Amino acid sequence: MKINLPGLICAVVLCLAALQKASAQDASYQKLTPNDFQGMPRTNGDGVVAYTNCTIDFHYEANPKDNYYLLKFNIKVTMNRNRSWMNHRMIKSQDQLAEILRHEQGHYTIAYMEQQELLRQVGKTVFYANYRQQAQALFDRIDAKYKQLNFDYDADTEHMVNRVQQASWNAYFDKKLAYMPPVNED
């Protein structure tokens, strides 16, 4: 029987708020546990076992300088525990639970990678009078990249069912995390 595990729908929120320092609050990478899936499982006969929901909050404050704007960012990734769920009735063993968690960890990792890339890119960008459009375009471009990565992840792994592809993606994520460039938070 084929188990269909959904992809992460990484809900992305763009918020403009006044913040004092560019930072990645709660930027530390988290390892998912069953406790991170507190939402009510949706059962509609499609075989879905788990769903991961993350949000990337993108806040900034703009301060005019000579002929440019200095933008101070706060970009945060959040694992939405109340929107993420796991159907425990469909999980028959600890090994299956571990596989499901590992797959869902991949979706969280993609959201974390997006947050980290956003932080690196905004730190390299000079913003001008059209800073709102520049920031939105930067966000949209990077967000589209990671939405596609999420789609590719589920397509390649067949929502975890293709164990060879899942192992390949696991190795990819491990390598990306091990060699992730630092974020400058000056």
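As the structure is a prediction and not an experimental result, all values here were calculated from the model.

Asks: Which parts of the structure should I look at to understand unusual backbone geometry?
Replies: Where the residue is not glycine, phi is negative for most of them; where a peptide bond is considered, it is trans in most cases. In this model, E158 sits at a positive phi of 50°, which is unusual for a non-glycine residue. Within the secondary structure, E158 is located in the loop between α2 (131-157) and α3 (163-178). For E158, a relative accessible area of 32% translates into the label partly exposed. Here H159, not a glycine, exhibits a phi torsion of approximately 55°, which is positive. Its location among the elements puts H159 in the loop between α2 and α3.

Asks: Help me out: how do you make sense of the pattern of salt bridges in this one?
Replies: Any two side chains of opposite charge can pair, on the condition that their charged atoms come close. In total, this model carries 5 salt bridges according to the counting rule given. Its salt-bridge partner being R81, residue D36 comes within 2.7 Å of it at the nearest N-O pair. Here R81 lies in the loop between β4 (69-79) and β5 (85-86) and D36 lies in the loop between β1 (11-14) and β2 (50-51), a separation of 45 residues in the sequence. R163 is paired through a salt bridge with E99; the nearest N and O atoms lie 2.9 Å apart. Here R163 is found in helix α3, whereas its partner E99 is found in helix α1 (residues 94-124), with 64 residues between them in sequence.

Definitions and cut-offs
Residues numbered from 1 in each chain as written. Predicted model: local features only at pLDDT ≥ 70, side-chain atom pairs only at ≥ 80, totals over all residues. Heavy atoms only, no water. Helix = DSSP H or I, 4+ residues; strand = E, 2+ residues; numbered from the N terminus. Buried < 20%, exposed > 50% of the residue type's maximum accessible area, 1.4 Å probe, protein only. Salt bridge = Lys/Arg side-chain N within 4 Å of Asp/Glu carboxyl O.

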